[in-house]
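# Coordinates in review
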Amino acid sequence: MSNGPASSSIANQSEPPHRVMEQAAEWYAVLSSEDATKQEYADWRAWLESDPTHRKAWGYVESISHRFEPLQTTTAPRQTAEGLWQANTRLIQRRRVLASIAILVGTGLVGWGTWRHTPLPLLARAWQADYDTATGETRELTLSDGSRIWLNTATALSQTYDTHKRHLNLLKGEIFISTAADPSRPFTVDTPQGRLKALGTRFTVRLDGEQTLLAVYEGAVQTRTRLGKISTLEAGQQVRFSSEAVNTVEAAQATREAWTRGVLVAQDITLREVVAELRRYRHGHLGLAPEVANLRVFGNFPLTNIDKTLEMLADTLPVRIHRLLPWWVSIEPQKD
Amino acid sequence: MPANNVTPQQIDILYTDHHGWLNAWLYKRLGNTHDAADLAQDVFLRLILKPAPRGFINASEARAYLRTVANGMCINLWHRREIEQAWLDTLATQPEAFAPSAERQAIILEALYEVSTMLLALPTKVARAFLLIEACQMGQKEVAQELGVSTRMVRKYLAQAMLECMQLEARQTAADLLTLSEPD
């Protein structure tokens, strides 16, 4: 019933028979040898001209070879080819991971809810991670070069170190880095929005929705967004950037790095900001009544014990903590 | 709906009825509003450029079709991102003075994507031999040495690689002529 004009033109289209395609592929293999002889070239020409389907099949050979041409003209074709090879290896690995996730889902080992609510790339990324932390967990690592990394709550990180480079890929969450000096190997961090190059330094990288937040406490960090916008951030500065745009540079909040010690330092920030931060460390619902969202908060709060932090907030602010269920907590104005 | 090509008016109706739903579906899959919005537009654009062979009987058939097209686009997007990242990594190791122009880079990226797609369909050693010969213009003997196989074997790999790519290309041409297949 759906026989349109397109399918009838398919019928008229004569593709070279399989045998001819095979011959063309074999001629390609013979002629691409550095030892191909004049006689072989002459035989190939005779084959080519003996039948229109031979020409057609050879047309495919040419169009396929043609696709490689732009790669041959890059500055370092071998390097370009190796990059492509590694990308393909990762793609194949990811396919395997996705296939195995599908099996787990099928056998019910992964909760359907988790699977359904996690975007596929995030899930695939988390499975690639070399290091990760659960919600509410923080972790400190010392890498082989002596660089120290702190992983904040719900973070995933993968690492590529070799003789030429030290490279981290932040897949989700937040890290604080104190790099060890190694002039021969640059230290880079990738986020979905771009690449950061450390110039001997201490800094924080955090993924925030579709933006990366970078705060530099010592040294400097060069950023390059996915679209190629390059800028350098000095100590004491912080900036947010997306794949396309870099926001204005602000003063870095020195207190932000306190999470590496398990502490949230609030110096005149709103309760809304505090709660947004606490939500990252805790599963379940943490609600905030709009009437109290703009209260100013001062103090040091433990990130390792969020219930304790909530109690402390209730002690110092005109708020009360309402626990409807263990995982459903909301912060409301104190009753008069 | 009549059983012939989707008309512009029908595309308008499809867009009104399903764009929001498709956007939400893509967002769940990609976890990114920009990508979801871009791909949703691309799906409808594709419907305009390459109309479905016939109209849809009901809304659920239309959604099944849109989902099939959108799913293919998601997979392509992840593939392209991976290729793009590999290329950026390669560029990052070279002095900036050597960086090709933006137009040139676009051509290279497209070629990398096409070559990557071809190689993914091949067995590892076959793909590797093909890449070294074609992209790096190495000799067959050199490749044989690198892969630790005979030159005869390299020649066999090359014929196999070329044949599989030719068949892929022939099928692609046929598929393009057939326009889009029906939803599953």
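Residues numbered from 1 in each chain as written. Chains lettered and ligands numbered in written order. Predicted model: local features only at pLDDT ≥ 70, side-chain atom pairs only at ≥ 80, totals over all residues. Heavy atoms only, no water.

### Observations regarding the overall build of chain A
- When helices and strands are counted, chain A shows ten helices and 17 strands.
- Taking all 336 residues of chain A together, 43% fall into the buried category.
- Long-range contacts, defined here as pairs at least 24 residues apart, represent 43% of the contacts in chain A between residues at least 6 apart.
- Looking at chain A as shown, the accessible area adds up to about 17,200 Å², and 53% of this sits on carbon and sulfur atoms. (Helix = DSSP H or I, 4+ residues; strand = E, 2+ residues; numbered from the N terminus. Buried < 20%, exposed > 50% of the residue type's maximum accessible area, 1.4 Å probe, protein only. Contact = heavy atoms within 4.5 Å. Areas by Shrake-Rupley, 256 points an atom, 1.4 Å probe, with all protein chains shown as cover.)

### Focus: unusual backbone geometry
- The backbone of Ala154(A) shows a phi angle near 45°, a positive value even though the residue is not glycine.
- The residue Ala154(A) is located in the loop between β3 (148-151) and β4 (156-161) in this model.
- One non-glycine residue with positive phi stands out, namely Gln137(B), at about 50°.
- You can see Gln137(B) is positioned in the loop between α5 (124-134) and α6 (140-147).

### Concerning the pattern of salt bridges
Residue and element names in this part refer to chain A.
- Here the structure, examined in full by the defined rule, presents 26 salt bridges over all chains.
- For the salt bridge of Glu140 with Arg148, the shortest nitrogen-to-oxygen distance reads 2.5 Å.
- Relative accessible area serves as the criterion here: at 43%, Glu140 is assigned to the partly exposed category.
- Asp190 is the salt-bridge partner of Arg195, the closest N and O atoms lying 2.7 Å from each other.
- By relative accessible area, Asp190 is classed as buried at 5%.
- Look at the salt bridges and you will find they share partners, linking Glu174, Arg206, Asp208, Arg240, Glu277 and Arg280 into a network. (Salt bridge = Lys/Arg side-chain N within 4 Å of Asp/Glu carboxyl O.)

### Considering the packing of aromatic side chains
- If you walk through the whole model with that rule in mind, you get six aromatic pairs over all chains.
- Seen in terms of ring centroids, Trp150(A) and Phe176(A) are 5.4 Å apart; in terms of plane orientation they differ by 65°. Their pairing is edge-to-face. Separated by 26 residues along the polypeptide, Trp150(A) in strand β3 and Phe176(A) in strand β6 (residues 174-178) bring together distant segments of the chain. For the pair Trp150(A) and Phe176(A), one class covers both residues: buried.
- An aromatic cluster is present here, built from Tyr28(A), Phe68(A) and Phe130(B) joined pairwise through their rings.
- Positioned above the aromatic ring of Tyr113(B) is the side chain of Arg80(B), whose terminal nitrogen or guanidinium carbon lies 3.8 Å from the ring centre.
- Stacked on the ring of Trp85(A), the Lys or Arg Arg128(B) has its end atom at 5.0 Å from the ring centre. (Phe/Tyr/Trp six-rings, centres within 6.5 Å; stacked < 30°, edge-to-face > 60°. Lys NZ or Arg CZ within 6 Å of the ring centre and 35° of its normal.)

### Considering the side chain of Thr191(A)
Residue and element names in this part refer to chain A.
- Considering the arrangement of structural elements, one finds Thr191 in strand β7 (residues 187-191).
- We classify Thr191 as buried; its relative accessible area is 5%.
- At 2.7 Å, the side chain of Thr191 and the side chain of Thr212 are in polar contact.
- Ignoring sequence-local partners within four residues, the contact set of Thr191 consists of Leu170, Val205, Leu207, Thr212 and Phe241. (Polar contact = N/O pair within 3.5 Å; in protein donor to acceptor, adjacent residues only side chain to side chain.)

### Observations concerning the sheet that holds strand β17 (residues 328-333) of chain A
All names here are of chain A.
- The strand order across the open sheet built from three strands is β14-β17-β16, with neighbouring strands paired in mixed fashion. The two strands at the open ends of the sheet, each matched to only one other strand, are β14 (285-288) and β16 (319-325). Each adjacent strand pair in this sheet contributes to an overall mean axis angle of 20°, direction not counted.
- Where β14 lies against β17, four bridges are found, and the strand directions are parallel. Across the sheet, residue His285 finds its bridge partner in β17, namely Trp328.
- Seen against the sheet, helix α9 (residues 271-279) touches β14, β16 and β17 and runs at an angle of roughly 175° to β14. (Pairing = 2+ DSSP bridges. Axes fitted to C-alpha atoms, helices over the stretch in contact; angles between N-to-C directions.)

### Some words on the interface of chain A and chain B
- Listed as interface residues are 60 residues of chain A and, on the opposing side, 68 residues of chain B.
- On the chain A side of the contact with chain B, Phe68(A), Trp85(A) and Arg226(A) bury the most area, a combined 12% of that side's loss.
- Our count for the chain A to chain B interface comes out at eight salt bridges.
- Where Glu82(A) meets Arg128(B), a salt bridge forms, and the shortest distance between an N and an O atom there is 2.8 Å.
- Applying the counting criterion to the chain A and chain B interface returns 23 residue pairs in polar contact (both at pLDDT 80 or more).
- Of all the secondary structure elements, the ones that give two or more residues to the side of chain A that touches chain B are α1 (5-12), α2 (18-31), α4 (52-67), α5 (69-72), α6 (77-107) and α8 (120-128) of chain A.
- Ranked by residue count, the leading element in the side of chain A that touches chain B is α6(A), at 16 residues.
- Among the residues forming the side of chain A that touches chain B, the class breakdown is 28 nonpolar, 16 polar and 16 charged. (Buried area = accessible area lost by both parts, 1.4 Å probe. Nonpolar A, V, L, I, M, F, W, Y, C, P; charged D, E, K, R; others polar.)

### So, a nonpolar patch on the surface
- Taken together, the side chains of Leu324(A), Leu325(A), Trp327(A) and Trp328(A) define a hydrophobic patch exposed on the protein surface, amounting to about 430 Å² of accessible area.
- Turning to its location among the elements, Leu324(A) is positioned in strand β16. (Patch = residues over 30% accessible without salt bridge, like charges linked within 9 Å, V, L, I, M, F, W, Y side chains within 5 Å.)

### A short note on helix α10 (residues 306-316) of chain A
Residues and elements named next belong to chain A.
- Buried within α10 we find Ile306, Thr309, Leu310, Leu313 and Ala314. For α10, the buried positions fall inside an angular range of 140° around the axis, keeping them on one side. For α10, the exposed residues lying more than 90 degrees away from the buried face are Asp315 and Thr316. (Arc of directions from axis to C-beta.)

### Re the environment of Arg261(A)
All names here are of chain A.
- Within the fold, Arg261 resides in the loop between β12 (250-251) and β13 (263-270).
- Residue Arg261 is classed as exposed on the basis of its relative accessible area of 60%.
- When the C-alpha positions of Arg261 and Trp150 are compared, they lie 9.4 Å apart, and in sequence the two are 111 residues distant.

### Digging into the confidence of the model for chain B
- Of all residues in chain B, 87% attain a pLDDT of 70 or more, and the chain-wide mean is 83.
- Below pLDDT 50 for its whole length, residues 179-184 of chain B participates in 15 contacts with residues either more than four positions away or in separate chains. (pLDDT = per-residue confidence, 0-100.)

### Some details on the packing of helix α3 (residues 38-49) of chain A against α4(A)
Residues and elements named next belong to chain A.
- Running from N to C, α3 and α4 cross one another at 115°; their axes reach a closest spacing of 6 Å. Here Trp44, Trp47, Leu48 and Glu49 of α3 lie close against α4, whose contacting residues are His54, Arg55 and Trp58.
- Among the residues forming the contact of α3 with α4, the class breakdown is four nonpolar, one polar and two charged.

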